[in-house]
Amino acid sequence: AINRLDRREYAIKKIFLEPEEVPRERGENISMAKSKLAKMQNEKLRREVVTISRMTHKNIVRYYQAWVEDPPRIEEEEDVEEKKRR
């Protein structure tokens, strides 16, 4: 992706985190298991970010930053898709 401010090209790795709070269902044990698994997966991804941020090597892409975003609402996604078609 090209940064709008500095006009440099950057690699972006987009990762979707699992929702950690699962709505309660009839099988509460299943919900708790899904929630625990999601937390474990998300923690693994966070550890990856920390590990990559500490790396400096000529054959590894330099790390700049990481952030978490809320998923866009359905209406916002439709607006973005409409703008792309123009």
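Refer to the structure presented above.
Going along each chain's sequence as written, the residues are numbered from 1 onward. pLDDT decides what is reported in this predicted model: residues at 70 or higher carry local features, side-chain atom pairs at 80 or more are listed and counted, and totals for whole chains, interfaces and linings draw on all residues regardless. Calculated side-chain values reflect all of the structure's heavy atoms, with hydrogen atoms and water omitted.

Trainee: Any chance you could break down unusual backbone geometry for me, citing the residues and the numbers?
Mentor: Here the phi dihedral of Arg-7 falls at roughly 60°; this positive angle occurs in a residue that is not glycine. Under the scheme used here, helices are H or I runs from DSSP no shorter than 4 residues and strands are E runs no shorter than 2 residues, and both carry numbers assigned from the N terminus. Of note, Arg-7 is situated in the segment before helix H1 (28-54). Each residue is placed in one exposure class: buried if its accessible area under a 1.4 Å probe, protein chains only, is under 20% of its type's maximum, exposed if it is over 50%, and partly exposed if it falls in between. With a relative accessible area of 63%, Arg-7 lands in the exposed category.

Trainee: I'd like a rundown of the environment of Tyr-64, residues and numbers included.
Mentor: You can see Tyr-64 is positioned in the loop between H1 and helix H2 (74-85). On the basis of relative accessible area, Tyr-64 is assigned to the partly exposed category, the value being 42%. A 3.5 Å cut-off defines polar contacts: any pair of N or O atoms within that distance qualifies, except that in protein one atom must be a possible hydrogen donor and the other a possible acceptor, and neighbouring residues in sequence count only when both atoms are side-chain atoms. Side-chain polar atoms of Tyr-64 contact the side chain of Arg-62, separated by 3.3 Å.

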